[in-house]
Amino acid sequence: MVTTLLAIMVIFLFLGFPMMIPLILAPLVVVLFFFPNVDPIFMVQQMMEGISSYVLLAVPLFIFAADIMSTGKTSKRLLDFVGAFVGHLRGGYAITTAAACTLFGSISGSTQATVVAIGKPMRERLLKVGYKDSSAIALIINASDIALLIPPSIGMIIYALISGTSVGELFIAGIGPGLLIFLFFAIYAYIHAKIFNIPLAEKTTWNARFKLTGKALFPLGFPVIIVGGIYTGIFTPTEAAGISVLYAIILEVLIFRSIKITQIPSIALSTGLVTSAVFVLVAGGQAFAWVIQFARIPQLITDAFLGGDPSAVYVLVIVAIFFFIGCMFVDPIVVILILTPIFYPAAMQAGVDPVHLGVVITFQAALGSATPPFGVDIFTASAVFNKSYLDVIRGTPPYIVMLLIVSILVIMFEEISLFYRFL
């Protein structure tokens, strides 16, 4: 049965079908042939149950807010603001890119949206000051991974849906690892620029810095509203998503006047297309998860890899390996949907904090998003920059090594994720 499940997935993916087709078809075929007593309509009920959670309302709302700001001037204002303060430093443009990806990640929650919004303008700037194209693209796609950790993370919302963990706690817990990644990338940018003698940019005057800071105040207010509002209990993550849409519209339509109110419906249509794909994956993932649980596959896997009385760290290492490998081949949302129900019970039994587990899982999803052979950000960058697959991945090894180091630190020291509990 397991062989049939995997064979259908592999064959249909190899034939070029979108992920949603084998994700839905594989469990349906298994139910028809191996569980004849189960009514196939039950699978439809499972799919509907998968997308019925109130928590999922946050996904289209955050995507909508990000789409509005991507269309407007938010990303440019963030880039200009960060560049004004660090652009003149050794490796300043690379540091600006990493910082801008971090800030925009706190708006979009999506690695692919960050690649598009920050990647297009920053790639041109990096090339002008002497960076190789492969280095510039590698920085962009790996720095964009921070978007999956910095709130509002779509990956964390999906994990919370499956595990029942607090979305608000997950959002706050992702800040520490996200900033740690940025610190590693900033240090590497400085060393890389010094070794390859990347020219320094002209230093911005304080007068210009004050002006650019003023222009960036409203975009910088976005993460403050989300994190601050959730942390203080003023509103829930789903309510924060609704407020983010209102804030984005006020910002881009009324204050910046970068888009017209008549453009909102077309932006909403674009958001709807992306959201529909996400929800189909979530629905299919619920059906897939039910089948593997009904077939006791989680017990087989945990007995094989987590038999006995494993420590919390050992469980997290096994979880990290499975999720990292999975996200190298499949969309991170799908991997989270399929593997979380398998490893979550064993992790809880080993005493792993559910919030810390969510951060580790989301971290691996972020890491796998930019890792060959099939990291989703690689193909996004290939399409956006019109570059070949090999050109895109050529500069990624140093960033993958850094992300692996940070991943180990996050696993070993849960305080990096759970810092807010000590405040």
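In this text the structure is predicted, and so the values were computed from the model without any measurement. Here, residues in each chain are numbered from 1, in the same order as that chain's written sequence. Only residues with pLDDT of at least 70 get local features here, since the model is predicted, and only at 80 or more are side-chain atom pairs given and counted; chain-wide, interface and lining totals rely on the full set of residues. Values shown for side chains rest on all heavy atoms present in the structure; no hydrogens or waters enter the calculation.

**Q** It is not clear to me how the overall build of the protein should be interpreted in this structure. Could you clarify?
**A** Of the regular secondary structure elements, the protein holds 21 helices and zero strands. Both definitions apply: the radius of gyration is a C-alpha atom measure, and the globule rule equals 2.2 Å times residues to the power 0.38. The C-alpha atoms of the protein give 21 Å as radius of gyration, which agrees with the globular expectation for 423 residues (22 Å, within 12%). Taken over the C-alpha atoms alone, the protein extends approximately 75 × 50 × 50 Å along its principal axes. Looking at the protein residue by residue over its 423 residues, the buried ones come to 56%. By definition, residues are in contact when any of their heavy atoms lie within 4.5 Å. Counted over contacts in the protein with a minimum sequence separation of 6, partners at least 24 positions apart contribute 79%. For the protein, the accessible surface area stands at approximately 17900 Å², while carbon and sulfur atoms represent 69% of it. Across the protein, the mean location of the 20 positive side-chain charges is 20 Å away from that of the 19 negative side-chain charges. A helix here means a DSSP run of H or I that spans at least four residues, while a strand means a run of E at least two residues long, and both kinds are numbered starting from the N terminus. Per-residue accessibility, obtained with a 1.4 Å probe over protein chains only, is compared with the maximum for each type, and a residue is labelled buried under 20%, exposed over 50%, and partly exposed between these values. Residue-level accessible areas treat just the shown protein chains as cover; the underlying method is Shrake-Rupley with a 1.4 Å probe. Charge assignment: positive for Lys and Arg, negative for Asp and Glu; neither His nor the chain ends contribute. Lysine's charge is taken at NZ, arginine's at CZ, aspartate's at CG and glutamate's at CD.

**Q** Would you explain the side chain of Thr 165 in this entry?
**A** Secondary-structure assignment places Thr 165 in the loop between α9 (154-163) and α10 (167-173). A residue is classified by how much of its surface remains accessible, and Thr 165, at 11% relative accessible area, is buried. In this structure, Thr 165 is in contact with Tyr 159, Ala 160, Leu 170, Tyr 344, Pro 354 and Val 355, ignoring residues within four places of it in sequence.

**Q** Would you explain the packing of aromatic side chains in this entry?
**A** Stacked, edge-to-face and tilted are the three classes for Phe, Tyr and Trp ring pairs, Trp counted by its six-membered ring, which pair at centre distances within 6.5 Å; planes under 30 degrees apart are stacked, over 60 edge-to-face, the rest tilted. Under the counting rule described, the total for this entry stands at 11 aromatic pairs. Relative to Tyr 247, the ring of Phe 222 has its centre 6.3 Å away and its plane inclined at 50 degrees; by these criteria the two rings are tilted. One end of the pair, Phe 222, is in helix α12 (residues 206-232); the other, Tyr 247, is in helix α13 (residues 237-255), and 25 residues separate them in sequence. Accessibility expressed as a relative area gives 17% for Tyr 247, which makes it buried. Cluster of aromatic residues (ring-pair linked, three or more members): Phe 81, Phe 85, Trp 206 and Phe 210. Charges are assigned to positions over rings by a cutoff of 6 Å between ring centre and Lys NZ or Arg CZ, combined with an angular limit of 35 degrees from the ring normal. Lying across the ring of Phe 256, Arg 77 places its NZ or CZ 3.7 Å from the centre. Looking at Arg 209, its charged tip hangs above the ring of Trp 206, at a distance of 4.5 Å from the centre.

**Q** Where do I start with the confidence of the model for the protein in this structure?
**A** Fine structural detail should not be taken from predicted coordinates in areas where pLDDT scores are low. The quantity known as pLDDT measures the predictor's confidence residue by residue, on a range of 0 to 100. Taken over all residues, the pLDDT of the protein has a mean of 85, while the share at 70 or more is 99%. Put simply, helix α15 (residues 297-305) is where the protein has its lowest mean pLDDT, 74, and helix α21 (residues 397-412) is where it has its highest, 94.

**Q** It is not clear to me how the pattern of salt bridges should be interpreted in this structure. Could you clarify?
**A** Working definition: two side chains of opposite charge can pair if their charged atoms are close together. Counted as salt bridges are all cases of a side-chain nitrogen of Lys or Arg within 4 Å of a carboxyl oxygen of Asp or Glu. Inspection of every chain in the model, using the stated rule, returns seven salt bridges. Between Asp 80 and Lys 76 there is a salt bridge whose closest N-O contact spans 2.8 Å. Taken together, the residues Asp 80 and Lys 76, both in helix α5 (residues 74-86) and four residues apart, mark about one turn of the helix. The salt bridge involving Asp 133 is made with Lys 387; its shortest N-O contact spans 3.2 Å. A residue pair is termed long-range when its members are at least 10 positions apart, and Asp 133 in helix α8 (residues 133-143) and Lys 387 in the loop between α19 (376-385) and α20 (389-393) qualify at 254 residues.

**Q** Would you mind showing me how to read a nonpolar patch on the surface here?
**A** A cluster of nonpolar side chains, contributed by Val 313, Val 317, Ile 321, Ile 325, Phe 329, Ile 408, Met 412 and Phe 413, occupies part of the molecular surface with about 710 Å² of accessible area. At the level of secondary structure, the elements contributing two or more residues to the nonpolar patch comprise α16 (312-327) and α21. Sorting elements by how many residues they give to the nonpolar patch places α16 first, with four residues. With respect to the secondary-structure elements, Phe 413 resides in the segment after α21. For Phe 413, a relative accessible area of 44% corresponds to the partly exposed category. Each patch is built from salt-bridge-free residues with over 30% relative accessible area, joining like charges within 9 Å and nonpolar side chains (Val, Leu, Ile, Met, Phe, Trp, Tyr) within 5 Å.

**Q** What is the right way to look at unusual backbone geometry in this model?
**A** Only a minority of non-glycine residues have a phi that is not negative, and only a minority of peptide bonds are not trans. Going from Pro 151 to Pro 152, the amide bond is cis rather than trans, its omega being 10 degrees. Turning to its location among the elements, Pro 152 is positioned in the loop between α8 and α9. Here the phi dihedral of Asn 197 falls at roughly 55 degrees; this positive angle occurs in a residue that is not glycine. With respect to the secondary-structure elements, Asn 197 resides in the loop between α11 (175-195) and α12. Of the residues examined, Asn 197 reaches a relative accessible area of 58% and is grouped as exposed. Phi at Arg 257 is positive, roughly 55 degrees, even though this residue is not glycine. According to the relative accessible area criterion, Arg 257 is exposed, its value standing at 69%.

**Q** Before we go on, may I ask you to explain the environment of Pro 27 in this structure?
**A** By secondary structure assignment, the location of Pro 27 is in helix α2 (residues 20-34). Each C-alpha atom, one on Pro 27 and one on Ala 289, is 8.7 Å from the other, the two residues being 262 residues apart in sequence.

**Q** Would you mind going over the side chain of Thr 238 with me for this structure?
**A** For Thr 238, the location among the structural elements is in helix α13. Among the residues examined, Thr 238 registers a relative accessible area of 10% and is labelled buried.

**Q** Explain the packing of α2 against helix α14 (residues 264-294) here, please?
**A** The geometry of a pair of packed helices is captured by two quantities: the angle between their axes and the separation between those axes. Between α2 and α14, the least distance of the axes is 9 Å, while the angle of their chain directions is 25 degrees. On the basis of their axis angle, the class for α2 and α14 is roughly parallel. In terms of crossing hand, the pair formed by α2 and α14 is left-handed. Contacts between α2 and α14 involve Met 20, Leu 23, Ile 24, Ala 26, Pro 27, Val 30 and Val 31 from the first element and Ala 277, Val 280, Leu 281, Gly 284, Gly 285, Ala 287, Phe 288, Trp 290 and Val 291 from the second. Fitted lines through C-alpha atoms serve as axes, helices being fitted only where they are in contact, and the angles separating the N-to-C directions of these axes extend from 0 to 180 degrees. Every angle not falling under 35 degrees, over 145, or within 65 to 115 is termed oblique; those three ranges are roughly parallel, roughly antiparallel and roughly perpendicular. A clockwise turn of the near helix away from the far one marks a right-handed crossing, whereas an anticlockwise turn of less than a right angle marks a left-handed crossing.

**Q** Got a minute to help me understand the packing of helix α7 (residues 111-128) against α8 in this structure?
**A** α8 packs onto α7 with a crossing angle of 150 degrees between their chain directions and a minimal axis gap of 10 Å. Considered as vectors, α7 and α8 are oriented roughly antiparallel to each other. The element α7 and its partner α8 pack so that their crossing is right-handed. Residues Val 115, Gly 119, Arg 123, Leu 126 and Leu 127 of α7 touch α8, and the partners they reach there are Asp 133, Ala 136, Ile 137, Leu 139, Ile 140 and Ile 141. Three categories are distinguished: nonpolar for Ala, Val, Leu, Ile, Met, Phe, Trp, Tyr, Cys and Pro, charged for Asp, Glu, Lys and Arg, and polar for the others, with Gly belonging to the last. Here the contact of α7 with α8 is built from residues that sort into eight nonpolar, one polar and two charged.

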